[in-house]
Amino acid sequence: MEKLEQLYEGKAKKVFATENPELLIVSYKDDATAFNGLKKGTISGKGVINNRMSNFLMGKLLEPKGVATHFVEELNDRETVVKKVQIVPLEVIIRNISAGSFAKRYGVEEGIVFDEPTIEFSYKNDDLGDPLLNTYHALALKLATKEEIETIQTMAFQVNEALKAYFKTLGIDLVDFKLEFGRLSDGTIVLADEISPDTCRLWDDKTHEKLDKDRFRRDLGGVEDAYQEVMRRLMGE
Ligand code: ADP
Ligand code: UDP
């Protein structure tokens, strides 16, 4: 499969057309941003890790469990064929443990293990800084239908159960993560975008060491090593 014209360049990936109007090629970059693009940098080797990790989790873990995803085929270290979707402009965030904006917003410490996972939505809109919204707001803004939102919620919790259990076998606590969903041409909702240390908080379950993008956001050092460590545990390398 060949890349045709570049359709989009985002903060972490480039998106290309292919001969097949239903398929795209995504190419993962080493560029890193945080705080809605205010902080910029490079995490060497990140694109390779995010590409391979996202493909592994979608193709080998979630698809066999019946979660439909956009994943089609890994072309090489950085490039993957995916089904083209119309992205539902919602960032779907699931949390198992308090951290990040949850801890800040509600004035609690990080690391509180919840009895039940939480779900929240942000409006995917960089100009507005991805504002938090509830399902009524999403309906009012016609971002998705009621049925689509219900499907997305069910799928997001399924993804959480599968990922949480799998990461635990690797000695990693899945603290929280962001998902994006999209509509195929026939309207079917599938999981899209990526699942990686850019989009998940991953803590070593013994030392509580952060193995994710918070090392970049908070200038903790050892960013590349943390991404490598997750990859090593995930794929034995
Ligand atoms: P951002 O747009 O937030 O800077 P990226 O750099 O990751 O993010 O760019 C990838 C873009 O491609 C995102 O806007 C994402 O929503 C979109 N995308 C992800 N998967 C698909 C897909 N299967 N079809 C169409 N668009 C997708
Ligand atoms: N997240 C993401 N992209 C975003 C916002 C959040 O991938 O635009 C992920 C983030 O990596 C974390 C989870 O979603 O795993 C929850 O993030 P939070 O709301 O705590 O925001 P942050 O602390 O990143 O500002």
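To start, this report covers the structure provided alongside it. The shown structure was predicted, so the numbers you read here are calculated from the model rather than taken from an experiment. Once a new chain begins, its residue numbering starts again from 1 and follows that chain's sequence as written. By the order in which they are written, chains take letters starting at A while ligands take numbers starting at 1. In view of the model being predicted, local features appear only for residues whose pLDDT reaches at least 70, and side-chain atom pairs are presented and counted only at 80 or more, with totals across whole chains, interfaces and linings using the full set of residues. The side-chain values count all of the structure's non-hydrogen atoms but skip hydrogen atoms and water molecules.

**So, the site of ligand 1**
Residues in contact with ligand 1 amount to 17 residues; listed here are only the nearest, Tyr8, Lys11, Ala12, Lys13 and Glu180. We call two N or O atoms a polar contact when they sit within 3.5 Å, provided that within protein one can donate a hydrogen and the other can accept it, with sequence-adjacent residues counted only if both atoms are side-chain atoms. The side chain of Lys13 places a nitrogen or oxygen atom 2.6 Å from an oxygen atom of ligand 1. Bound to the protein, ligand 1 loses 89% of the 560 Å² it would expose on its own. Numbering of helices and strands runs from the N terminus, with a helix taken as a DSSP run of H or I at least four residues long and a strand as a DSSP run of E at least two residues long. Among the elements of the structure, strand 2 (13-17) and strand 7 (79-83) are those that each provide at least two residues to the shell around ligand 1. The residue makeup of the shell around ligand 1, split by class, is 8 nonpolar, 2 polar and 7 charged. Near is defined per residue: the residue qualifies when any heavy atom it owns lies within 4 Å of the molecule or strand. For the area figures, the Shrake-Rupley method with a 1.4 Å probe applies, and any residue is considered shielded solely by the protein chains shown. Classification convention: Asp, Glu, Lys, Arg as charged; Ala, Val, Leu, Ile, Met, Phe, Trp, Tyr, Cys, Pro as nonpolar; all other residues, Gly among them, as polar.

**Things to note about the packing of helix 1 (residues 46-62) against helix 6 (residues 223-235)**
Two numbers describe a pair of packed helices, the interaxial angle and the distance between the axes. At their nearest, the axes of helix 1 and helix 6 sit 10 Å apart, and the two run at 30 degrees to each other. The chirality of how helix 1 crosses helix 6 is left-handed. Residues Lys46, Ile49, Asn50, Arg52, Met53, Phe56 and Leu57 of helix 1 pack against Tyr227, Gln228, Val230, Met231, Leu234 and Met235 of helix 6. In terms of residue class, the contact of helix 1 with helix 6 is made up of 9 nonpolar, 2 polar and 2 charged. Between the N-to-C directions of two axes lies an angle of 0 to 180 degrees, each axis being a line fitted to C-alpha atoms and, for a helix, fitted only over the stretch in contact. Each helix crossing is assigned a hand: it is left-handed if the near helix lies turned anticlockwise from the far helix by less than a right angle, otherwise right-handed if that turn is clockwise. Two residues qualify as a contact provided that any one of their heavy atoms is within 4.5 Å of a heavy atom in the partner residue.

**What to know about the nonpolar core**
Within the largest apolar cluster, 39 residues are counted, with the highest numbers of intra-cluster contacts made by Phe167, Leu179, Phe181, Ile195 and Leu202. Secondary structure elements with two or more residues in this core: helix 1, strand 9 (90-97), strand 10 (113-123), helix 4 (146-169), strand 12 (172-183), strand 13 (189-192), strand 14 (200-204) and helix 6. For this core, the leading source of residues is helix 4, giving 8 residues. Residues in contact with Ile195, not counting those within four places in the same chain, are Met53, Ser54, Leu57, Met58, Leu62, Leu163, Leu179 and Cys200. If you look at the next biggest cluster of nonpolar residues, it comprises 8 residues, including Ala32, Ile49, Val223 and Met231. To qualify as a nonpolar core, a set must consist of buried Ala, Val, Leu, Ile, Met, Phe, Trp, Tyr and Cys residues joined through side-chain atoms within 4.5 Å. Throughout this description, buried means an accessible area under 20% of the type-specific maximum (1.4 Å probe, protein chains only), exposed means over 50%, and partly exposed covers the range between.

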